[in-house]
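Below are the chains, spelled out letter by letter.
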Amino acid sequence: MAIPVVTAQEMSNIDYRAIQEYGIPSTCLMETAGSKSAQQIWEKYGRKDLRVLVVCGKGNNGGDGFVIARHLFNVGADVEVATLFPLNEAKGDPAVFLKSLGKMNISIIEVGEENTSQLEAMAENADLIVDAILGTGFLPPARGLPEKVIHILSENKTPIVAIDIPSGLDATTGRAELPYIDARITLALGGLKRGHLLMPAAEHVGEVISLDIGIPQECLKDENISLHVTEPSDVAANLPERRRDAHKGDAGHLLLIAGAPGMSGAALMTAMSALRTGAGRVTLAVAESIFSLVESKYPEVMTLSLPATESGSIDASAFDYIVERSEDMNALILGPGLTTNPRTIELVHLLIQHIGAPVVLDADGLNALAQDLTILDGRLAQLLLTPHPGEMARLLGISTREVQEDRITHASSFAAHHHLDIALKGWGTIVATSDGEIWYNPTGNSNMATAGSGDVLAGVIGALLAQGLSRKWALLCGVYLHGLSGELASLELGGLGITATDIINTLPKARRKVYMEAGDSKTA
């Protein structure tokens, strides 16, 4: 089942609904959040005379910290609490739980600008620090006293458990601007926040443990959360199945238009990844200038020779022939290794406008599109785009840095505006559909940052389209399988140094692993 991932505002709305519409007292939610957090902390670090420093801000995050302090004290920890505000200024639910700490004689220190050195000594003396300073509603950067305190805690080597989100990070966008806490563990209260998954914040959250704090599931459903994490069960339930009496014609026919002199490898890797993903037939259409290089490379791949430009790329005069041949195809891939010759760009534009089948647009296909987005208006093609951040930047006319700062917004707004589907590649690939769904992919690793990896992904997605999957599920399943294949290749070969071919070869194993992780009896 897909895991919802909320923004700070969505979480606030959910909390409000639980309190106002379902009648759950806010103190009950805070007590549950604190007690479950303390239980997790004790399971991870608990031992006799464990020295714990709980650092609390003035808001509800600090209130959670007060509850944690009480429960850890009750199980035998040596607890000290540091507040970043005068105790007489405590209000609301945090004030309720702060009062109980005083009655239990738990050590509490008020930290101000004048005594941060005392906090520094306490941090050095602790075995564990609990960060309950700034909650999910905080927007970086931290300033004033929180800035100084976060600096002190960050420079200390004592492990830190962050409550909900490490202080200083943006829970919604994943923005990280110094100073911020580098947590060993983050306890996500009520569910995952976007900042737990999105870079650069994801580098600083450590192990993320999601805690159920008693919010009714209906509150999450009513919020219509737009972002979800793809789970193995989602993929297993939607991968194409093959009947016992199936023949290759039942598994789809994929047309791949790719390659140019010096770029034949992109075409070949895309073709082979499609076959490894189960496509019944793959036809590779290349310029006549490289036809002899690819024709006999893989006997499983059928080939077509197309007219070439003077530079050797596919010429626009191939358009009519491609349209004729595409009538027998279930899906197309357009772009890997095509180059940006003007006549080749013209061909890409014509195919987008006049081909009615699902089309995966990748690499130079995306670069061609970026030169004239008006061709998207009134087009026939059902487009699936697979840009890396640089290609997404060219499509949007902004910098790569701007794309990376808000990957979700850029991908989802472009998909919705142009009525197409996108997989924005990179750490935590974002899949955005034309109808507003957004998905985060959890598979893959940095070892996959190698030439040809994107070509492999295009082939996987194209093969799934050819086998009958919808655009949405071809992207979701394709991205997940591709990332998992990279993980398996890394494990088998030792990590850094895997190639795109290694990813291709582990695709069948990735499919089997998906079924195993989902508890599905199917293994092929």
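The shown structure was predicted, so the numbers you read here are calculated from the model rather than taken from an experiment.

## What to know about the overall build of the chain
(1) Moving on: Counting secondary structure elements, the chain contains 20 helices and 19 strands.
(2) Moving on: Expressed as a percentage of the 524 residues in the chain, the buried residues total 57%.
(3) Moving on: For the chain, long-range pairs separated by at least 24 residues make up 72% of all intrachain contacts whose partners lie at least 6 apart in sequence.
(4) Moving on: Accessible area of the chain: about 21,300 Å², with a carbon and sulfur share of 49%.

## Considerations on the packing of helix α3 (residues 60–74) against helix α4 (residues 92–103)
(1) Moving on: At a closest axis distance of 8 Å, the pairing of α3 and α4 adopts a crossing angle of 30°. One element, α3, and the other, α4, form an angle in the roughly parallel class. Crossing of α3 over α4 shows left-handed handedness. Only P94, F97, L98, S100 and L101 of α4 make contact with α3, whose side of the interface consists of N60, G63, F66, V67, A69 and R70.
(2) Moving on: Considering only residue class, the contact of α3 with α4 consists of 7 nonpolar, 3 polar and 1 charged.

## Here's the deal with the sheet that holds strand β10 (residues 227–229)
(1) Moving on: Here we have 12 strands laid out as an open sheet, ordered β8-β1-β10-β19-β18-β17-β16-β15-β14-β11-β12-β13, and mixed in their pairing. Two strands in the sheet have a free side with no partner beyond their single neighbour: β8 (192–193) and β13 (302–306).
(2) Moving on: Summarising the sheet, strand β11 (residues 253–257) and strand β14 (residues 331–334) pair through 4 bridges and their orientation is parallel. Among the inter-strand pairings, L256 is bridged to a residue of β14, identified as I333.
(3) Moving on: Packing of helix α9 (residues 264–276) onto the sheet brings it into contact with β11, β12 (281–287) and β14, and relative to β12 it is tilted by some 170°.

## Some details on the pattern of salt bridges
(1) Moving on: Applying the stated criterion to the full structure yields 20 salt bridges.
(2) Moving on: Among the ionic pairs, D127 bridges to R47, the shortest N-O distance being 3.0 Å. With D127 in the loop between α5 (116–125) and β5 (128–132) and R47 in the loop between α2 (26–45) and β2 (51–56), the pair connects residues that are 80 residues apart, well separated along the chain.
(3) Moving on: Accessibility expressed as a relative area gives 44% for R47, which makes it partly exposed.
(4) Moving on: Between E147 and R143 there is a salt bridge, with its nearest N and O atoms 3.7 Å apart.
(5) Moving on: Residue classification places E147 among the partly exposed positions, given a relative accessible area of 23%.
(6) Moving on: In this structure R143 comes out as partly exposed when scored by relative accessible area, which is 49%.
(7) Moving on: Members of the salt-bridge network, linked through shared partners, are R17, E21 and E223.

Definitions and cut-offs
- Residues numbered from 1 in each chain as written.
- Predicted model: local features only at pLDDT ≥ 70, side-chain atom pairs only at ≥ 80, totals over all residues.
- Heavy atoms only, no water.
- Helix = DSSP H or I, 4+ residues; strand = E, 2+ residues; numbered from the N terminus.
- Buried < 20%, exposed > 50% of the residue type's maximum accessible area, 1.4 Å probe, protein only.
- Contact = heavy atoms within 4.5 Å.
- Areas by Shrake-Rupley, 256 points an atom, 1.4 Å probe, with all protein chains shown as cover.
- Axes fitted to C-alpha atoms, helices over the stretch in contact; angles between N-to-C directions.
- Parallel < 35°, antiparallel > 145°, perpendicular 65-115°, else oblique.
- Left-handed = near helix turned anticlockwise from the far one by under 90°.
- Nonpolar A, V, L, I, M, F, W, Y, C, P; charged D, E, K, R; others polar.
- Pairing = 2+ DSSP bridges.
- Salt bridge = Lys/Arg side-chain N within 4 Å of Asp/Glu carboxyl O.

Just geometry here; none of it tells us what the structure is for.
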